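As a plain string of letters, each chain reads:
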Amino acid sequence: MPMWEESSLVRVVPTARPRKLAKVPFVELAAGRLQGVVSSGSDVSRVYVSSVASGDFAFACRTNNNRPCGGARGGFCNHIGAMVGEAVLQYGGARVARYLQTDTADGDAAPTAQQLAAAMSAARPQQAADAQAVTGQVFARFLRHLAYLELPATTAPLPEMHWFPTAGAVA
Amino acid sequence: MMRADLLTGELPGLDEALAAVDAFDQVLAGGLLRPQPAQAAGLTALANAVAGSPIAALVAEAAEKAAAGVAGEEHLLALAAGRTALFGAVHDAVVARVDEATGRPREATPPFEPGAPLPANLLASARAWLCDVARAGWRGLDHELAAGAAQVVSALLPAPELRRLAVLLDGFAAELAASCPGRTLGRIPLRRWADLWARGMLLTQPGAVTGAGAGAETAALTGRLLPLGVDLHEHATAVHAQVHAVFEPADGGPARLVRASVSAPKPDTVVGAGVWQLLRPHLSLLAAAGEGHAMELTGMPVTDEGDLLWSEERTRVDESADVFTTARVALPTVRAGATAPLDRHPARIAEPVLVEGYTVDRSGDEVAFVVGGERLAVDTGRLPAASPLTAQAVAGSRACIGLLRWDAGRFLLQPLAVQSAAKSRTAVVQAGAWAGGTADKSGAKAEKAATDTVTVLRERAGRLLRS
Ligand SMILES: [Zn+2]
């Protein structure tokens, strides 16, 4: 596709789709994982840090104080389920499936969150061996993400942003 | 009246320059760790293409070292400079054609004045990451390498004078991260990534940009500012809006094209109306442009490029000003701004024009205006998400204010405002109509959703960042 290769302004990453953040304030496809932060249903000061690795779906779910989630001993807990659901809202099922390398990627229709979770669970994934380290990394990513709100706006021109045209409404 | 026929003709020297660029861009796909013979040829092509320029010897030496797999940072920088010089020539050819088509005089490019030195350690860490990327190549990308930018960007972002480099690296690294692992990449945005890489390399040079982050202030403007439209840019973690306008000096001197900019870093979940919410408190001109008002400026600093260095206390909202009246009455006699030496790249061209008397062609997979038998493609993909201006409104228009752009070897029109073709009404729809807020039902709903998003994030930040 020559246009793609010879364009300075082609859109490589689609804009995130709007979603409500109350339940899952943070989700991202990064470092070879789907990872995010899920609010606790009962305690406002507690959050769960959840992740699923691309390829083998090794999972982790621990609190922000790095204590294991009781629901994630033998398989995916509700927090991981919620995270997958919000990831599908934010990125679309096709992009999540491609990143995680699930077999739901074939066919034209983008997989739903239920199909993705079922496909991964069917592979009988294991707890990630480095769950504790991953939790720390993901939580640091969340804090870094929040810090973007604290940075000041500026009226100095940013010519570099011409390489990032708005991509408009995502269907 | 713009001469659209000039936009479809060939540009002198373009094919040769782009052939050398393409050859070099292929080199970066494989990376410079263990260069193959085909890559050596690509490096030679770049060196040959700049053989007549002042940097010929530097680029030739760098190409040789790189082909042998022993390029140091200074050599990679020379290669980036060589590629940038080629695009500088392409830029000049495209701008000359734009000026012919608009019949607009343009300010001469000012000589390059190096800016004040920036923190060397931060620039060095950015350069080291970019050099690692060039060695790995797009096919050698992995998560670790892509993630390596995060620390660099976090250190750069808080410093206003490093913001340009920071937002560039942040947007670039996010694309690389989303494309890992590189060995499974189907298609590669070769020109785009090489653009971002080369620009990043140049921005890591001490003195490449001035302290203000842009050109130096050269005059102070007093007079009337008539907005033409709003151009929005965004990646996952930054947003930037630029208002294009005509400035009419109070002393009766010639009118000129100017721009006012505002930008903010953002979390990736702030989108749509949320980006206008982040920007609007810092640039009253956004609301004025959206609502169709002129502004009065008193001693507003401006650069040679026509960038206003905005300061709210030097402004006052003026009477209403219809954008199409501005485009028909004021735009034909304006002078265009110069291009800063570092900005001589075709992707930076955004020339305000008025196009009318066209028929709309929707036969292909894109909208095009046919003006005097010539087809001008319309980039309906870059309309803001929170905007009443849609591809459909563009297709049903009879007059359009837009930015003339150039990408992938052809001119494109980016719509800023249209006048409806429907006989019953002469409604004007602007891309930035909602920049200052909106009473429109769907627009207001998006505003509310965006407010909720920021509320949740601020609440979390309050709890976690300061605990
Ligand atoms: Zn859990």
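Not measured: the values here are computed from a predicted model.

Draft legend 1. A look at the overall build of chain B. Looking only at helices and strands, one finds 13 helices and 13 strands in chain B. Each principal axis of the C-alpha distribution contributes one length, and for chain B these read about 70 × 60 × 45 Å. Taken across its 467 residues, chain B has 59% of its residues classed as buried. Of all intrachain contacts in chain B linking residues separated by at least 6 positions in sequence, the fraction that spans at least 24 positions is 70%. Here chain B has roughly 17600 Å² of accessible surface; of this, 54% comes from carbon and sulfur atoms. If you average the places of the 43 positive and of the 51 negative side-chain charges in chain B, the two averages end up 5 Å apart.

Draft legend 2. Seen up close, the overall build of chain A. Each helix and strand counted, chain A has five helices and four strands in total. When the helices and strands of chain A are placed in sequence order, the string is α-β-β-β-β-α-α-α-α. In terms of principal-axis extent, the alpha carbons of chain A reach across some 50 × 45 × 25 Å. A buried classification covers 57% of the 171 residues belonging to chain A. A separation threshold of at least 6 residues defines the contact pool for chain A, and within that pool the share at least 24 residues apart is 53%. A total accessible area of about 7500 Å² is found for chain A, and carbon and sulfur atoms account for 52% of it. Distance between charge centres in chain A, computed from 15 positive and 12 negative side chains, equals 10 Å.

Draft legend 3. How the structure looks around the side chain of aspartate 307 of chain B. In this fold, aspartate 307 of chain B is placed in strand 5 (residues 307–308). Residue classification places aspartate 307 of chain B among the buried residues on the basis of a relative accessible area of 5%. Within the structure, the side chain of aspartate 307 of chain B is placed 3.0 Å from the side chain of arginine 259 of chain B, a separation counted as a polar contact. Not counting residues within four places of it along the chain, the set of residues in contact with aspartate 307 of chain B comprises Pro157 of chain A together with Gln242, Arg259, Ser261, Pro301 and Val302 of chain B.

Draft legend 4. A look at the coordination of the zinc ion. Residue and element names in this part refer to chain A. Every protein donor of the zinc ion is listed here as Cys61 (SG), Cys69 (SG), Cys77 (SG) and His79 (ND1), and their distances to the metal cover 2.1 to 2.4 Å. In terms of primary sequence, the donors binding the zinc ion are separated according to C-x7-C-x7-C-x1-H. Cysteine 69 matches cysteine 61 in its accessibility class, with the two residues each being buried.

Draft legend 5. Expanded view of the environment of phenylalanine 139 of chain A. With respect to the helices and strands, the residue phenylalanine 139 of chain A is situated in helix 5 (residues 131–147). For the pair formed by phenylalanine 139 of chain A and valine 37 of chain A, sequence separation is 102 residues and the distance between their alpha carbons is 7.5 Å. Leave out the neighbours within four places in its chain, and phenylalanine 139 of chain A touches Val47, Val49 and Asn64 of chain A together with Leu464 of chain B.

Draft legend 6. Fine view of helix 5 (residues 120–136) of chain B. Residues and elements named next belong to chain B. Here helix 5 spans 24 Å end to end across 17 residues, near enough to the 24 Å set by a 1.5 Å rise per residue. Of all the positions in helix 5, only Leu122, Leu123, Ala126, Arg127, Trp129, Leu130, Cys131, Val133 and Ala134 are classed as buried. Close packing links the buried residues of helix 5 with helix 1 (14–30), helix 4 (73–102), helix 6 (143–156), helix 7 (163–178) and helix 8 (190–203). Within two residues after helix 5, glycine 137 carries a phi angle of roughly 80°, on the positive side.

Draft legend 7. A look at the packing of helix 6 of chain B against helix 7 of chain B. Residues and elements named next belong to chain B. Contact pair helix 6 / helix 7: the axes reach a minimum separation of 9 Å and the direction vectors enclose 160°. Of the possible angle classes, the one that applies to helix 6 and helix 7 is roughly antiparallel. Where helix 6 crosses over helix 7, the two elements pack in a sense that is left-handed. Contacts between helix 6 and helix 7 involve His143, Ala146, Ala149, Val152, Val153 and Leu156 on the former and, on the latter, Leu165, Ala166, Leu169, Asp170, Ala173, Leu176 and Ala177. Classifying every residue of the contact of helix 6 with helix 7 gives 11 nonpolar, one polar and one charged.

Draft legend 8. Representation of the interface of chain A and chain B. Listed by partner, the interface residues are 60 residues for chain A and 84 residues for chain B. Where chain A packs against chain B, one counts two salt bridges. Note that arginine 199 of chain B is salt-bridged to glutamate 160 of chain A, the shortest N-O span being 2.9 Å. Going through the elements one at a time, helix 1 (2–5), helix 2 (78–91), helix 3 (93–100) and helix 5 of chain A are the ones with two or more residues in the side of chain A that touches chain B. With eight residues, helix 5 of chain A is the single largest residue contributor to the side of chain A that touches chain B. Looking at side-chain class alone, the side of chain A that touches chain B contains 37 nonpolar, 14 polar and nine charged residues.

Basis of the calculations
Residues numbered from 1 in each chain as written. Chains lettered and ligands numbered in written order. Predicted model: local features only at pLDDT ≥ 70, side-chain atom pairs only at ≥ 80, totals over all residues. Heavy atoms only, no water. Helix = DSSP H or I, 4+ residues; strand = E, 2+ residues; numbered from the N terminus. Buried < 20%, exposed > 50% of the residue type's maximum accessible area, 1.4 Å probe, protein only. Contact = heavy atoms within 4.5 Å. Areas by Shrake-Rupley, 256 points an atom, 1.4 Å probe, with all protein chains shown as cover. Lys, Arg positive; Asp, Glu negative; His and termini not counted. Charge placed at Lys NZ, Arg CZ, Asp CG, Glu CD. Polar contact = N/O pair within 3.5 Å; in protein donor to acceptor, adjacent residues only side chain to side chain. Donors = N, O, S within 2.8 Å, 3.2 Å for Na, K, Ca; no water. Expected span 1.5 Å × (residues − 1). Axes fitted to C-alpha atoms, helices over the stretch in contact; angles between N-to-C directions. Parallel < 35°, antiparallel > 145°, perpendicular 65-115°, else oblique. Left-handed = near helix turned anticlockwise from the far one by under 90°. Nonpolar A, V, L, I, M, F, W, Y, C, P; charged D, E, K, R; others polar. Salt bridge = Lys/Arg side-chain N within 4 Å of Asp/Glu carboxyl O.

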